[in-house]
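Observations on the three-dimensional arrangement
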Amino acid sequence: MSRRDAILNGTARASQLHEDLGLKNRLRAGDEPIDVLGAMASLDIAVVFKPLKGLLGAYLRVPGAAGVVITSERPLHVQRFTAAHELGHHVFEHPLSTDSTVGYAARGERRGYDENELEADAFASEFLMPRWLIAAHMRRRSYTKQDLFRTDVIYQLSLRLAVSYSALCWALYGHGLFAHDQAEQMASREPKGAKQMAAADVVPQTWHPDVWALSERDHRSIIIGGPEDLVVLELEEHSTAGFAWDLREAKALGMRIRADERVVVDEEAMGAAQKRRLTLEGDVQGILRLAERRPWERNGQPNQSFEVRLDLHGRERGGMPRAQRAALRKTG
Ligand SMILES: [Zn+2]
């Protein structure tokens, strides 16, 4: 099999699985990433996280059962790409595979390649970052193809797709949106500048955690991040009419407020708009709800509301996937 055929196979099988699981229809609003662990659960693949030494993941198959082990020691985005790679081995019915690296195929680096690994890598990239899903997330935020040459745009898109910044650069190359040298150049840029841009005046202890720049366009989105991430909300506030965003529910959910300021933002179409910029953080899971109210109408109908579903627990730390444990607790 040629290298090109292996990549085409991987891509085609990922598209087929999107179809089989009804994902294209479910995710067309561009408000959530692919739930790779959920897909694996629906295919009865047992997944467990363990502190693997020198390995990212492994796929094992015995008659009648299939299992995947993923390292508990790497960031969430690496865990998710590894999970998608092992899912690729499963759909191709490959034999046992132990993986110390994943994602090389997408970067065009695997010389002397193993065709199973190429198929699994191409599958993983397409499963997590199909062109239609990237397009849906871009549409929701009115990003153009030209915007894809901005580090901050790629970075914010990668967060919403719950993939690493460089994985998204290489997926865009795979989709023909970047030339090879453009992908290389974009992938080599540190997203630190994009984090600083999103964080504005707030300086975190280190720049390792992510910084989410959320606006009205993220209303009802699913945000999958880490416990030290900064979540920066910039929402229009009708303060001249006496309205203000009410933070009681955010605090009740366990979010800490790192910064709270009122800013005037120039918007191309509408002139200057008054915005409230809130910088929040917290190791929480749940729905973050904010309501814009007049302070003297604390329990009245809000003028507008904003909500996002947060999962800020970060990487899986061991054992079964968290979502599966939570489902068992509910049924048990
Ligand atoms: Zn592999």
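**Considering the overall build of the chain**
Secondary structure assignment for the chain yields 12 helices and 12 strands. By the compact-globule yardstick of 20 Å for 332 residues, the chain fits well, its C-alpha radius of gyration being 21 Å. Dimensions of the chain, computed from the C-alpha atoms along their principal axes, are close to 65 × 50 × 40 Å. Put simply, 64% of the contacts in the chain that link residues at least 6 apart link residues at least 24 apart. Accessible surface for the chain amounts to roughly 16200 Å². Of this, 49% is attributable to carbon and sulfur atoms.

**Considerations on the domain arrangement of the chain**
Domain parsing of the chain yields domain 1 (3-132), domain 2 (134-191) and domain 3 (195-311). For domain 2 and domain 3, the distance between their C-alpha centres works out to 24 Å. Each partner contributes to the interface: domain 2 provides 9 residues, whereas domain 3 provides 12 residues. Interface area for domain 2 against domain 3, summed over the two sides, is near 1000 Å², with a carbon-plus-sulfur share of 43%. Summed over the shared surface of domain 2 and domain 3, the number is 2 salt bridges. One salt bridge connects Arg-141 with Asp-218, and the closest N-O pair in it is separated by 2.8 Å. Summed over the shared surface of domain 2 and domain 3, the result is 11 residue pairs in polar contact (both at pLDDT 80 or more). Top contributing element to the side of domain 2 that touches domain 3 by residue count: helix 7 (residues 151-161), with 5 residues. A breakdown of the residues in the side of domain 2 that touches domain 3 according to their chemical character gives 3 nonpolar, 2 polar and 4 charged.

**Describing the sheet that holds strand 2 (residues 57-62)**
Ordered by their spatial adjacency, 4 strands build an open sheet running 1-3-2-4, and the pairing between neighbours is mixed. At either end of the open sheet lies a strand with only one pairing partner, and these are strand 1 (46-50) and strand 4 (97-99). In this sheet, neighbouring strand axes are inclined to one another by 15° on average, regardless of whether the strands run parallel or antiparallel. Alignment of strand 1 against strand 3 (residues 65-71), held across 5 bridges, turns out to be parallel. Counted as the bridge partner of Phe-49 is Ile-70 from strand 3.

**Details of the coordination of the zinc ion**
At the metal site, the zinc ion is ligated by His-85 (NE2), His-89 (NE2), Asp-99 (OD), Asp-99 (OD) and Glu-117 (OE), and these contacts range over 2.0 to 2.7 Å. In the primary sequence, the donor residues of the zinc ion line up as H-x3-H-x9-D-x17-E. With a gap of 10 residues between them, His-89 in helix 4 (residues 76-91) and Asp-99 in strand 4 connect regions that are remote in the sequence. Exposure class is identical for His-89 and Asp-99. Each is buried.

**Structural notes on the sheet that holds strand 8 (residues 244-246)**
Strand order across the open sheet formed by 4 strands is 6-12-11-8, with mixed pairing between neighbours. In this open sheet, the two edge strands, each paired with only one partner strand, are strand 6 (222-224) and strand 8. Averaged over neighbouring strand pairs, the angle between their axes works out to 30° when direction is ignored. Sheet topology note: the strand 11 (residues 285-293)/strand 12 (residues 304-311) ladder contains 8 bridges and is antiparallel. Residue Arg-289 lies in a different strand from strand 12, and its bridge partner there is Glu-307.

Cut-offs used in this document
- Residues numbered from 1 in each chain as written.
- Predicted model: local features only at pLDDT ≥ 70, side-chain atom pairs only at ≥ 80, totals over all residues.
- Heavy atoms only, no water.
- Helix = DSSP H or I, 4+ residues; strand = E, 2+ residues; numbered from the N terminus.
- Rg over C-alpha atoms; globule rule 2.2 N^0.38 Å.
- Contact = heavy atoms within 4.5 Å.
- Areas by Shrake-Rupley, 256 points an atom, 1.4 Å probe, with all protein chains shown as cover.
- Domains from an automatic or database assignment.
- Buried area = accessible area lost by both parts, 1.4 Å probe.
- Salt bridge = Lys/Arg side-chain N within 4 Å of Asp/Glu carboxyl O.
- Polar contact = N/O pair within 3.5 Å; in protein donor to acceptor, adjacent residues only side chain to side chain.
- Nonpolar A, V, L, I, M, F, W, Y, C, P; charged D, E, K, R; others polar.
- Pairing = 2+ DSSP bridges.
- Axes fitted to C-alpha atoms, helices over the stretch in contact; angles between N-to-C directions.
- Donors = N, O, S within 2.8 Å, 3.2 Å for Na, K, Ca; no water.
- Buried < 20%, exposed > 50% of the residue type's maximum accessible area, 1.4 Å probe, protein only.

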